[in-house]
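# Coordinate analysis (summary)
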Amino acid sequence: MKNKFILGLCLTAFAVFLVACGGDAGQAVADLQATVSDLESQLADAKSMAADAEAKLEDAMSMAEEAGDGAAMASADTLAAVQDRGILKCGVPAGVSPGFGFIEEDGSYTGFDYDYCRVIAAAVLGDADAVEVRPTTGTERFPVLQSGEIDMLSRQTTWTISRDTALGFNFVATTYYDGQGMMVRADSGIESLEGLDGGTVCVAAGTTTEKNLADVFRQLGIAYEAVVFDEPDAPRSTYDEGRCDGWTTDKSGLVSGLVQMNDPSEHVILAETMSKEPLGPLVRHGDDNWFDIVQWSTLCTMEAEELGVTSANVDEMLGSDNPKILNMLGVEGDLGQALGLNNDFCYQIIKQMGNYEEIYNKNLGPDTPFNLARGVNSLWTEGGLLYSPPFR
Ligand SMILES: N[C@@H](CCC(=O)N[C@@H](CS)C(=O)NCC(=O)O)C(=O)O
């Protein structure tokens, strides 16, 4: 305001000067008025810029608040919670999938997915047995992880974008590359998915399986009725009772289910693969260090296989002349420390659980009823997809 007044005075003085000097006073005043209105419009622009800046500042402050909330979440210390408790709470399959997640007659739990819980317990607590299993159905597995009831989930769970984003999870790695298949009766004469036209298909609720079935059959123009169950063993047992023409799930699940059929020889798995199902362990968003721990512990089993380190030779390998092995096992460097673990975390995993091949063979290999060929689940050096980034 004061500046405007001074400016006005100066301009008036300037106008008087012009008149006194005999210039064209009318023109000079008009020019000055134009200058004043120009300045006024510049002032208005400046005011609106200031208002804009203020609004942006408010936005920035509310973003900072949200970031603060995020930081609070990120500081959730799952490692400390697991260490304080001395036990890892791990979500596993419901327990009806021999080879992947099974409750044995004596009540003990076995399976490939469960063994990846044990891998993490060996790394974090130095004791593969320090696991409390939480069997989960297809629909309850996600709320159980979201709510914090478990520290991680290792349960035939497919890595998808919506689970990784909207549901708020991080998948650490793929431990088993799978695809969806279909089982039918051998005497049904059905040789491909088209043969199920007009038929019924048993399927588990809350799975990628349910959605893939709808997508694939719609695309192929196959009319069918889905019979959906929440109870984990119901799709298989209902199909086995002859109440569905087909049973669909991940092919690993079909192979696992086959041995539980009243007469396995009565069933065939169709050759078609209906989807990609990369299965692996996952954790909640918001704790990057815990994510790193579960990820690198899982990868340790693959890297050890690649480097030829097994539960049988790991002690000998502590004296290896291969720097990669010495780093991985923590003889040299401090890779474990950067995770908040002991440097021997990967040694503990291999000593107690073995490398990927050992875990695979124990649960699914040639000496098991499943005899599942490694296929794409071989190391990248053997034409498969398993590839650990370096332990460097
Ligand atoms: N990979 C799929 C399906 C996983 C799934 O639920 N599998 C079924 C059939 S293999 C199951 O419940 N397994 C039995 C169990 O929990 O023990 C997904 O992530 O949605």
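Coordinates for the structure precede this section.
## Some remarks on helix H13 (residues 345-353)
The buried fraction of H13 amounts to seven of the nine residues, a majority that puts the element mostly inside the structure. Taken as a whole, H13 has its buried residues at Phe345, Cys346, Tyr347, Gln348, Ile349, Ile350 and Met353. Looking at the buried side of H13, the elements it contacts are helix H4 (112-125), helix H10 (288-306), helix H11 (314-317), helix H12 (323-328) and helix H14 (356-364). Gly354 sits one or two residues past H13 and shows a positive phi near 90°.

## Some words on the site of the ligand
Around the ligand sit 20 residues, and of these Pro93, Ala94, Thr158, Thr207 and Gly253 come closest. Counting residues per element, the ones that place at least two in the shell around the ligand are strand S2 (96-97), helix H7 (208-220), strand S12 (246-250) and strand S14 (277-279). Within the shell around the ligand, the residues separate by chemical class into six nonpolar, twelve polar and two charged.

## Details of the nonpolar core
Soluble globular proteins: nonpolar side chains tend toward being buried together. Counting 80 residues, the largest nonpolar core has Cys117, Ile120, Ala123 and Ile349 as its most contacted members. Element by element, the count of residues in this core is highest for H4, at ten residues. Counting contributing residues, this core receives three or more from each of domain 1 (78-177 + 279-382) and domain 2 (180-275). Apart from the residues within four sequence positions on either side, Ile120 is in contact with Leu88, Met152, Val294 and Ser297.

## Describing unusual backbone geometry
Positive phi is not limited to glycine here, since Gln156 has a value of about 35°. On the secondary structure map, Gln156 appears in the loop between strand S6 (152-153) and helix H6 (161-164). With 28 C-beta atoms counted inside 10 Å, the residue Gln156 sits in the buried group. In this structure, Asn371 is a non-glycine residue whose phi angle is positive, near 45°.

## As for the sheet that holds S2
Read from one edge of the open sheet, three strands run S2-S3-S4, paired in antiparallel fashion. This sheet does not close on itself; its edge strands, each paired only once, are S2 and strand S4 (109-110). Where strand S3 (residues 101-103) meets S4, two bridges bridge the pair, whose relative direction is antiparallel. Looking across to S4, one finds that Ile103 is bridged to Tyr109.

Reading guide: rules and limits
- Residues numbered from 1 in each chain as written.
- Predicted model: local features only at pLDDT ≥ 70, side-chain atom pairs only at ≥ 80, totals over all residues.
- Buried ≥ 20, exposed ≤ 12 C-beta atoms within 10 Å, placed from the backbone.
- Helix = DSSP H or I, 4+ residues; strand = E, 2+ residues; numbered from the N terminus.
- Contact = placed C-beta atoms within 7 Å.
- Near = placed C-beta within 6 Å.
- Nonpolar A, V, L, I, M, F, W, Y, C, P; charged D, E, K, R; others polar.
- Core = buried A, V, L, I, M, F, W, Y, C linked by C-beta atoms within 7 Å.
- Domains from an automatic or database assignment.
- Pairing = 2+ DSSP bridges.

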